[in-house]
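The primary structure of each chain is shown beneath.
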Amino acid sequence: MFPSSKVVLLSAASVALASAGTAVADTVNNGNPYLAGDMHNHNTCIDGSVAAGYSIDRSVATGVSPTGGKNFNLDWFTLGNHGGSGNRDCRFSDASAGIPGDNVTTYWNDTLGKTIDGITITSLKGTPSGTGSNRQMWHWQHIEEMEYPIIVQRSALYNKVLIEGMEWVVPGHEHTDVAVIAGQNPLGIGGSTGNANNMAEFEFLYDRQDNDQIGPVDGSNNPIWTGKSFNNSGTLGHAKAVAGVQWLQSRYPLTSYVVPTHSERAGAFSPSGNGGYNIEHFRDFNNAGPTIAIGIESPGHMAQGSKSGGSGSYTTNAVGGGTYGLEGVYTAKVGGLWDGLLGEGRNSFVFVSSDWHTRGALAATSPSTNSDFMPGEYSKLYVPNTPGAVGFKAQSIVDGMRSGNSYSVNADMIGPDLVFHAHGSDGVWHGMGETLVVTPGDTVTVEMQLTVPAGNNSPYSFNNPLLAQVGINQPLNKPSLDHVDLITGQITGVIAPGAPGYAVPNFSGVAGAAVVYNSSTVIAQQIQASSMTKVVNADGSTRLSFTTTFVAPSTPMYIRTRGTNIPVATPNVTDTAGNPLIDVNNANVVCSDPACPVHLDTDGSGNKLVTYDVQAWSNTWFYANPIFIRPAGTPQLLVETNAALAKTLAARASRR
């Protein structure tokens, strides 16, 4: 149980399981209370391998692509690219993508002045860069004149929510996902289809790879966007990045978000270079953007795990030295950086994405990959559905992310109907991102319901080689859940800038995994799927549920959850507590089935190893955002005050 003064392990007896075979009443079991999407992917406008329209088609369409390859039927999709510039016309895919009928790389120099797919680019604007086939288009122009018009076209075709976003190349830091939905209206609701000019302006002003000194101009040839700084590295770069967050917060506090991605990959922050993020940089962003700088994103590139490195393009120089259960150490480590932010009561949430660029040595139409998965193929970010008269729209995505009522899933190990909530003596449920106010000593009930689908998108039907080590025969194309962790930590309050503990020097490599930011965090309960209530649905999926209770604490705390298909102490995969080991260890396991694909890494004897997409389909996890718990009469948590700020801003906007 959870005592009132500190957090310790729950006893097994504190888990109250419904009787076997009895379904838990839930009005959303037959619907989709959450909708799946992808917030981070790339195309040939910058450094992806496929056309912008192709990436949307494969991600949100159903059935099979006319050129080959399965489509993944996402409910929503954010089109994005790095800031900077590119020389390719992103109405076309690269020759390297291997897409029938679209296999010649096409440059802007080849297509200027031509109308293709209803879009005409008459000139490359801003400061001229490059000549011949290397003539560059700045990304702000991509956003305004290429990517957003393609979004308008595809929105009409699919009637799904599509957003123009970007992967911000952050001054002084690794990358960050950003979207500004203000001004965008691709479905043309009310008449105009809007534009993505606000997104483009942010890219021009604050991306460190955008060296354009002009931007768009008015009728007198004067720059429209002014105030650009070229301090792009180290401490000065970080100051520019914070100014960018402030710029978004002041203009688009409810219609934008800022979420650092693969934040461990570049190693520790460098005061004179462009490294990663220490915990103080997340704090700085959240302080500058209380309603927009709202969390941490997964590494992406989930099929890049080899015998020498982890997924996400992580090398041994990354903080943590690689990935852990295909997550960065900042979110995978119990007591790590994410728990440090939650221990302040911050509105800091986790999100997942594909970071799609390419299938590596394989064609975009291939069912296998040794680099990236297509959006919707492997990773899904679930945000709340908003049915009814208002309907689901771009604002629903931003609101869902900001509220913390979202969860992240790899390999379809759970579906779109997660229930994770808690209540006190009043019986009123509070869900992910919300704060439950309790009377110390009262009983708090936590309930979880989830569905394990009957299948996923894996092309492999042979048994999971990581599970075979412990005698489990489980096909890779059939999801499974071994257990769920309930993870708790104390909230001790916000640390002020400059105060002891605000800035925590970090370092690259495996040793970075040892940094503990919230020592009170523990796996308070580990619930085996075999102990949960089980209902087999007609479609072959399985609905699982459990409840647990604990004594309401006298100090604030949070409870978050994750789940995996990997048992505790699985060799080369998890430790004796069930935490993921560094993923490069997975490559110590041989993939011995005759159906193991030929693109896997091999050892010195020619044995295929658990690497690339086989590793990803074998080692699967989901993460759900926390529920905060505060004793009555104590000051509100920052997550509460920032949520209240968002409500105040929304009320003001509605009165205009």
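Residues numbered from 1 in each chain as written. Predicted model: local features only at pLDDT ≥ 70, side-chain atom pairs only at ≥ 80, totals over all residues. Heavy atoms only, no water.

**Side note on the packing of helix H4 (residues 197–206) against helix H5 (residues 234–251)**
To keep it simple, the criterion reads: To get an axis, a line is fitted to the C-alpha atoms, and for a helix only the part in contact is used. The angle between two axes follows their N-to-C directions and goes from 0 to 180 degrees. Under the scheme used here, helices are H or I runs from DSSP no shorter than 4 residues and strands are E runs no shorter than 2 residues, and both carry numbers assigned from the N terminus. For classification purposes, angles smaller than 35 degrees are called roughly parallel, those larger than 145 roughly antiparallel, those between 65 and 115 roughly perpendicular, and all remaining angles oblique. Should the near helix be turned anticlockwise from the far one by less than a right angle, the crossing is termed left-handed; should it be turned clockwise, right-handed. Any two residues having at least one pair of non-hydrogen atoms within 4.5 Å are treated as being in contact. Just so you know the grouping, Ala, Val, Leu, Ile, Met, Phe, Trp, Tyr, Cys and Pro go in nonpolar, Asp, Glu, Lys and Arg go in charged, and all remaining residues, Gly too, go in polar.
Contact geometry for H4 and H5: axes closest at 10 Å, N-to-C directions at 160°. If you check the angle between H4 and H5, you find them roughly antiparallel. When you trace H4 past H5, the crossing you get is right-handed. In contact with Asn198, Glu201, Phe202, Leu205 and Tyr206 of H4, H5 contributes Lys240, Ala243, Gly244, Trp247 and Leu248. Of the residues that constitute the contact of H4 with H5, the class distribution is 6 nonpolar, 2 polar and 2 charged.

**Let's talk about the nonpolar core**
Stated formally: We call a set of buried Ala, Val, Leu, Ile, Met, Phe, Trp, Tyr and Cys residues a nonpolar core when their side-chain atoms join them within 4.5 Å. Relative accessibility decides the category of a residue: with a 1.4 Å probe and only protein chains considered, values under 20% of the type maximum give buried, values over 50% give exposed, and everything between is partly exposed. Segmentation into domains, and thus their bounds, comes from an automatic or database assignment.
Counting 148 residues, the largest nonpolar core has Trp168, Met401, Phe420, Leu450 and Leu481 as the members making the most contacts within it. Residue-level mapping places this core at the junction of two domains, with at least three residues from each of domain 1 (5–286 + 351–395) and domain 2 (419–582 + 616–655). If sequence neighbours within four positions are ignored, Phe420 has contacts with Gly431, Met432, Val446, Glu447, Met448, Leu486, Ile559, Arg560, Thr561, Ala624, Asn625 and Ile627. By size, the runner-up hydrophobic cluster in this structure holds 9 residues, among which are Val50, Ala51, Ala97 and Ile99.

**Overview of the domain arrangement of the chain**
For the chain, the assigned domains read domain 1 (5–286 + 351–395) and domain 2 (419–582 + 616–655). Once you take the C-alpha centre of each, domain 1 and domain 2 turn out to be 26 Å apart.

**Details of the pattern of salt bridges**
The cut-off we apply is this: The rule for a salt bridge is simple: a side-chain nitrogen of Lys or Arg has to be within 4 Å of a carboxyl oxygen of Asp or Glu.
Going through the model one piece at a time under the given rule, you end up with 15 salt bridges. Note that Asp210 and Lys228 form a salt bridge whose closest N and O atoms lie 3.1 Å from each other. Note that Asp210 is positioned in the loop between H4 and H5 and Lys228 in the loop between H4 and H5, a separation of 18 residues in sequence. Judged by its relative accessible area of 18%, Lys228 is buried. In this structure, Arg359 and Glu377 form a salt bridge, with 2.7 Å as the shortest nitrogen-oxygen distance. Of this pair, Arg359 sits in the loop between strand E12 (349–351) and strand E13 (379–384) while Glu377 is found in the loop between E12 and E13, placing the two residues 18 residues apart along the sequence. Residues Arg359 and Glu377 agree in their burial class; the two are buried. Connected through salt bridges with shared partners, the residues Arg283, Glu344 and Arg346 form a single ionic network.

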